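# Coordinate inspection notes
Listed below, chain by chain, are the residues.
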Amino acid sequence: MLHGLLPDVPRHICSKSERVLLDYQQVCQNYYGTAGSGSTMGVPIVVQDAQADRLLRQWESLPKKERDEFKQWQQRSSLAAPLLRSLAEDPRRGGADLADKLWRMTSMAALEPAEGRTLHKRLTALRNVQTQVEIARAHGMAVIPNEGGLSLSCDELRVIDAVAQEQKRHWFHAAAGLDESVGREAASNLAHLIWWHMACMEDGAKAWKTPGGTLRQRRFGRIAEAAASDGEPDVESPAVSPGMGPPQRSRSSKSGASASSDESPHAESAGFRRPKRVVLFSGHDTTVMALAAKLGFNLPPPKFGGYLLFELHDGGQVKCKYNQDPSKRAATASSLTSRQLPKDPSKGFVEFDDLPEGSTPLKTFKERCQNKAMKSAARRLGMLERTDSWSRSDGEGSESSSSRRSGTRALGASLLQGMDPLTRDRAEVAFKAMDPSNTGSVSVKSLTKTANELGVEISPEALQLAAECFGDEGGSQFTRERFLELWALLDQAYLGWDT
């Protein structure tokens, strides 16, 4: 996808551990060839590890109890889908014969007529069969070759596709009689990050065009930030934007993101950065469908390369477009129809093609996508780096390690007692997110990983100090109580930080 969008831009595949590639100035020097050699390494495409599911497969990374409850809801929704029920309950539809034939062709365990496995349950596996069919067709291969020489008729392929499409719709959109709200939050992290990039583009473009000193630069100031209604700035510290592309793309258009003759000569000296112009996230069809549910509309499930596209235009207007199957509709972004987001998602899902044409104000997009808990977590974790703002000694002039540890912990415990309910709730949400297995503690590794996912980098020195003050004896775990005490300290440090 990146090659198709930017064919002349050099690229470089790297792992997340290659930290130098994530440094803004280093990337610019290497990309633009200003490091002295005149050569370019290209845009870094960062390959995330297998544990990055909290972003693209959020529903798989919930705490066990919540994950099990979601899976049960998803299964009930799938089994209640009307086309699947008809195929399973009406002998004239031939559902049993089709399931048996596919079992012989694929040996897929979910299709096996095992004891206790109902025909309804077996037929839900047709979505996996359809994936195999699409892969074969996309690569010009035979469709499900098998030792028995069996083949699928056109009618059978149509039934498989129809059931699979219906099943995918019910991954996150409830079948009749089930609670629709359950599937709406399955992509809340991704929606938040897409909005966040939009806000970075909007504010960054303003900063780039504004003479130095008009907009204030913040601590993690690659962007200028506007004040949010809840008293916190709109945008967290900028996440390292891996070129991991979605089928969802955020793109700024004519918002001043590119250099032009009217750019302020003071912008770069004031510390502002050119905003990103393209952000790509690459996921599965499940990712796209979950995001659609979060935004309040229904999509025909995407084929290979299908994508949701979000464009940011002048005046803070967001255009939302969808290309279900680029192999059949090789459309340019400008030729796709932009749709407005539903005005009230709580009233039920709307088919994407039934939405009115037009754009959505960025403010509305924010209201639909922003995750206050994620924003709060990024802010507080960002304060870890400012150790002077939260670490304390227990006596004047005493700077020993034990003094700092006891003084800091005592202050955290005191602040926790007076923490307001909303902040405490968000701290509890952050703890649960970092302890998905419900062990009762958060590892230093999990805390660091969460910070990285939110775009916050914590130095080893700051992390070591936090572990010394609030960790267990080995310094590798934070119990729930100690984590909340640390959070109370970071909260006060953030609120008292002079911006």
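About the cut-offs
- Residues numbered from 1 in each chain as written.
- Predicted model: local features only at pLDDT ≥ 70, side-chain atom pairs only at ≥ 80, totals over all residues.
- Heavy atoms only, no water.
- Helix = DSSP H or I, 4+ residues; strand = E, 2+ residues; numbered from the N terminus.
- Buried < 20%, exposed > 50% of the residue type's maximum accessible area, 1.4 Å probe, protein only.
- Areas by Shrake-Rupley, 256 points an atom, 1.4 Å probe, with all protein chains shown as cover.
- Contact = heavy atoms within 4.5 Å.
- Core = buried A, V, L, I, M, F, W, Y, C linked by side-chain atoms within 4.5 Å.
- Phe/Tyr/Trp six-rings, centres within 6.5 Å; stacked < 30°, edge-to-face > 60°.
- Pairing = 2+ DSSP bridges.
- Expected span 1.5 Å × (residues − 1).
- Salt bridge = Lys/Arg side-chain N within 4 Å of Asp/Glu carboxyl O.
- Polar contact = N/O pair within 3.5 Å; in protein donor to acceptor, adjacent residues only side chain to side chain.

## Some points on the overall build of the chain
Of regular secondary structure, the chain possesses 18 helices and 11 strands. Counting the 499 residues in the chain, one finds 48% classified as buried. Of the roughly 23,900 Å² that the chain leaves accessible, carbon and sulfur atoms contribute 50%.

## With respect to the environment of Glu202
Mapping Glu202 onto the fold places it in helix 10 (residues 188-209). When sequence neighbours within four positions are dropped, the list of residues in contact with Glu202 reads Leu312, Gly316 and Leu362.

## Quick word on the nonpolar core
Counting 44 residues, the largest nonpolar core has Phe172, Leu291, Phe297, Leu299, Leu308, Phe310 and Phe365 as its most contacted members. At the level of elements, helix 3 (53-56), helix 4 (64-79), helix 10, strand 4 (278-281), helix 11 (285-295), strand 6 (307-313), strand 7 (317-323) and helix 12 (362-369) are the ones that each hand at least two residues to this core. For this core, the leading source of residues is helix 10, giving 10 residues. Judged by nonpolar contacts, the second largest core, of 37 residues, contains Leu447, Cys469, Trp487 and Ala488.

## Things to note about the side chain of Thr408
Here Thr408 is to be found in helix 14 (residues 401-417). If we ignore the near neighbours within four places in the chain, the residues touching Thr408 are Trp390, Ser391, Arg392, Cys469, Phe470 and Leu489.

## Considerations on the packing of aromatic side chains
Per the counting criterion, the structure on display carries eight aromatic pairs. The interplanar angle of 65 degrees and the centroid separation of 4.9 Å between the aromatic rings of Trp59 and Phe172 together place this pair among those described as edge-to-face. One end of the pair, Trp59, is in the loop between helix 3 and helix 4; the other, Phe172, is in the loop between helix 9 (154-169) and helix 10, and 113 residues separate them in sequence. In this pair, the class of Trp59 matches that of Phe172, namely buried. Note on Phe483 and Trp487: the rings are 5.3 Å apart at their centroids and 25 degrees apart in plane angle, and the pair reads as stacked. On the criterion of helical spacing, the pair formed by Phe483 and Trp487 is a turn pair, its members being four residues apart in helix 18 (residues 480-495).

## Some points on the pairing of strand 6
A regular strand places its side chains on the two faces of the sheet in alternate fashion. Burial within strand 6 is extensive, with seven of its seven residues counted as buried. Neither face of strand 6 is open: one carries Tyr307, Leu309, Glu311 and His313, the other Leu308, Phe310 and Leu312, and all of them are buried. Pairing geometry for strand 6 and strand 7, over seven bridges, is antiparallel. Looking at strand 7, one finds that His313 is bridged to Gln317. As consecutive antiparallel partners, strand 6 and strand 7 are separated by three residues, and within that stretch Gly315 has a phi angle of approximately 85 degrees, a positive value.

## Description of helix 18
In this model, helix 18 (16 residues) spans 22 Å end to end at C-alpha, consistent with the 22 Å of a helix rising 1.5 Å per residue. When we look at burial in helix 18, the residues that qualify are Phe483, Leu484, Glu485, Leu486, Trp487, Ala488, Leu489, Leu490, Asp491, Ala493 and Tyr494.

## Observations regarding the pattern of salt bridges
Across all of its chains, the model carries 17 salt bridges by this definition. What emerges from the salt-bridge pattern is a single network uniting Glu134, Asp161 and Lys303.

## A short note on the environment of Tyr494
Relative to the elements of secondary structure, Tyr494 occurs in helix 18. Along the primary structure Tyr494 and Ser389 are separated by 105 residues, whereas in three dimensions their C-alpha atoms are 8.4 Å apart. At 3.4 Å, the side chain of Tyr494 and the side chain of Arg379 are in polar contact.

## Brief notes about helix 15 (residues 421-434)
For helix 15, spanning 14 residues, the distance from its first C-alpha to its last is 20 Å, which sits close to the expected 20 Å at 1.5 Å a residue. Within helix 15, burial applies to Thr423, Arg426, Ala427, Glu428, Ala430, Phe431 and Met434. A distance of 3.2 Å separates the backbone nitrogen of Leu422 from a side-chain oxygen at the start of helix 15, and that oxygen is part of Asp420.

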